[in-house]
Amino acid sequence: MDKEKLLLEAIFFEHWARYFYFEEADDEVSASIEIPYTIYNACKSQLPHLIPLLVKLQHSPIVLNDVKSAIFSFVQSSLQLSDEDFAAFMHNMSLDAHFNKTLNVFYGFVQDEADNDSKVEDKMSDEEYKAYRRQKEIPLFPDWIEQFHHWAKENKFDIA
């Protein structure tokens, strides 16, 4: 698999898992990624190459350094890169215009999704919103990525 594509897919997958499957802890301060069993199994069958990342994300606290570590260790292991080679790869990606453009367009898509959810959330109490989130049909990762590409095309972003 193309190195850039794998890195982007891992980043996108983590965002999908965090966006749709975050669960607030009882302390209402911390949160974790809790992918339901049926979705977890669907991911395992549809995205076998992402299983190691899926395992790392399931039940993991949503903490920036932990998220980065899960993504980076998954990519490094999948590509079988030494620490030195992985550092060089990440440096190259940080300078790669296509990679950065794709990532920025993706972040725009996620923000647009969040803004749309926020409009719904603003009209509801906390309990109503939690019930809404539980009932909301959540796209599987491949479908969400398809929505992203459609959104990018609609908004005239060329990321091909």
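The coordinates are above.
Conventions used here
Residues numbered from 1 in each chain as written. Predicted model: local features only at pLDDT ≥ 70, side-chain atom pairs only at ≥ 80, totals over all residues. Heavy atoms only, no water. Helix = DSSP H or I, 4+ residues; strand = E, 2+ residues; numbered from the N terminus. Rg over C-alpha atoms; globule rule 2.2 N^0.38 Å. Buried < 20%, exposed > 50% of the residue type's maximum accessible area, 1.4 Å probe, protein only. Contact = heavy atoms within 4.5 Å. Polar contact = N/O pair within 3.5 Å; in protein donor to acceptor, adjacent residues only side chain to side chain. Phe/Tyr/Trp six-rings, centres within 6.5 Å; stacked < 30°, edge-to-face > 60°.

### Here's the deal with the overall build of the protein chain
A tally of helices and strands in the protein chain yields eight helices and two strands. Traced from its N-terminal end to its C-terminal end, the protein chain shows the element sequence α-β-β-α-α-α-α-α-α-α. Whereas a compact globule of 160 residues would reach a radius of gyration of roughly 15 Å, the protein chain reaches 17 Å, a difference of no more than 12%. Within the protein chain, the proportion of its 160 residues that are buried is 38%. In the protein chain, the proportion of contacts linking residues at least 24 apart, taken out of those at least 6 apart, comes to 67%.

### Brief notes about the side chain of Gln-76
By the element assignment, Gln-76 lies in helix 4 (residues 64-79). There is a polar contact of 3.1 Å between the side chain of Gln-76 and the backbone oxygen of Leu-81.

### What about the packing of aromatic side chains?
Enumeration over the complete set of coordinates arrives at 19 aromatic pairs. With a centroid separation of 4.0 Å and an interplanar angle of 25 degrees, the aromatic rings of Phe-12 and Phe-106 are classed as stacked. With a gap of 94 residues between them, Phe-12 in helix 1 (residues 3-21) and Phe-106 in helix 6 (residues 97-121) connect regions that are remote in the sequence. The pair formed by Phe-12 and Phe-106 is uniform in burial state, with each residue classed as buried. The rings of Phe-12, Tyr-19, Phe-20, Phe-106, Tyr-107, Phe-109, Trp-144, Phe-148, Trp-151 and Phe-157 are connected pair by pair, giving a single aromatic cluster.

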